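Structural overview
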Amino acid sequence: MSVPGAPVTPDWLALREPADAAARATELADRLYGWLPSRSDGPLVVRDLGCGTGSMGRWLAGRLPGPQHWLLHDRDPALVDRALAGMPAGVTAEPRVGDLTALDAAQLAGTSVVTASALLDLLTADEVERLAAACAAAGCAALLALSVTGSVLLTPVDPLDAAFAAAFDAHQRRTVDGRRLLGPDAAPAAAAAFGRHGVAVVRASSPWRLGPGDGRLIEQWLRGWIAAACEHRPGLVPEAEAYLARRLAASARGDLRVVVGHADLLALPEIRS
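What this report covers is the structure whose coordinates are included nearby. (Residues numbered from 1 in each chain as written. Predicted model: local features only at pLDDT ≥ 70, side-chain atom pairs only at ≥ 80, totals over all residues. Heavy atoms only, no water.)

Focus: unusual backbone geometry
With omega at -5°, the peptide bond leading from Gly-66 into Pro-67 counts as cis. Within the fold, Pro-67 resides in the loop between helix H3 (55-60) and strand E2 (68-74). For Leu-146, which is not glycine, the phi dihedral falls at a positive 60°. Mapped onto the secondary structure, Leu-146 falls in strand E5 (residues 141-155). (Helix = DSSP H or I, 4+ residues; strand = E, 2+ residues; numbered from the N terminus.)

Pasting the structure below:
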């Protein structure tokens, strides 16, 4: 995904894609599938917000009925090009380069599904409110995956885990270019926003569960997690190098387990229980 103040790299997106795919709540995709046939007369139009290199398309397209046409939204044209090249066979797609936070109901007209992965926590409360309002007015479903919840569990425990976790969560709620990001508050904020517009939401847990075999991802996640924590709380800097070394050593031995909390949510007009 790419939104203001949130640079990403193709290498990082490729590294996390298998963990994302394993974590996303398949039961929500199944529920969306069951809702769609009576709602879609022609090709299913799916808008992927913050598409990055297209991992959501690769995960979701095969779980939805065809034919499908995807509109790939991102601020970074290089990422959109990669997403277009990587879409599954039989799915058509086109680019939408620009500010995805400005979508309104008129732009969503004809859209069956709005989807996003690891995006909501990078938005503001106002941006999430506008997204919910636009989806509700356009009558389209929204499947929004992998919003961070602030829950991080590392096993075995280190005395500094809690301090780094708290500083990271505060960093996720930081203000960037005048935008106060929702961070771990994103999923409940989105559910409340859809509710204000008369759309019920089903939520599901979608944690990363990392262990032996995930060493490269654990290392890169740890480095980014610790760096963000130190950026927000510079007092942690003197402890950071030794803390990282302990955690990487445990990972190299195959001892470290990491559970990173995420939440998925599905918003369907006139949702069926």
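Some details on helix H6 (residues 161-172)
In a regular helix each residue adds 1.5 Å, so twelve residues correspond to 16 Å; H6 covers 16 Å between its end C-alpha atoms and thus fits that length. Of all the residues in H6, the buried ones are Asp-161, Ala-163, Phe-164, Ala-165, Ala-167, Phe-168, Asp-169, His-171 and Gln-172. Next to the buried residues of H6 lie E5, helix H8 (215-232) and helix H9 (237-252). (Expected span 1.5 Å × (residues − 1). Buried < 20%, exposed > 50% of the residue type's maximum accessible area, 1.4 Å probe, protein only. Contact = heavy atoms within 4.5 Å.)

Regarding the packing of helix H5 (residues 125-138) against helix H7 (residues 186-196)
Viewed as axis vectors pointing N to C, H5 and H7 meet at an angle of 40°, and their least axial separation amounts to 9 Å. In terms of orientation, H5 lies oblique with respect to H7. For the pair H5 and H7, the crossing hand works out as right-handed. Every residue of H7 that contacts H5 at Val-128, Glu-129, Ala-132 and Cys-135 is listed here: Ala-189, Ala-190, Ala-193, Phe-194 and Arg-196. (Axes fitted to C-alpha atoms, helices over the stretch in contact; angles between N-to-C directions. Parallel < 35°, antiparallel > 145°, perpendicular 65-115°, else oblique. Left-handed = near helix turned anticlockwise from the far one by under 90°.)

Overview of the packing of aromatic side chains
Any pair of aromatic rings gets described here by the distance separating the centres and the angle formed by the planes. Applying the stated criterion to the full structure yields five aromatic pairs. Look at Trp-221 and Trp-225: their rings are 4.9 Å apart centre to centre, the planes differ by 20°, and that puts the pair in the stacked class. Highlighted residues: Trp-221 and Trp-225, both in helix H8, separated by four residues, approximately one helical turn. Each of the two residues, Trp-221 as well as Trp-225, counts as buried. An aromatic cluster of at least three residues, connected via ring pairs, comprises Phe-164, Phe-168, Trp-221, Trp-225 and Tyr-243. (Phe/Tyr/Trp six-rings, centres within 6.5 Å; stacked < 30°, edge-to-face > 60°.)

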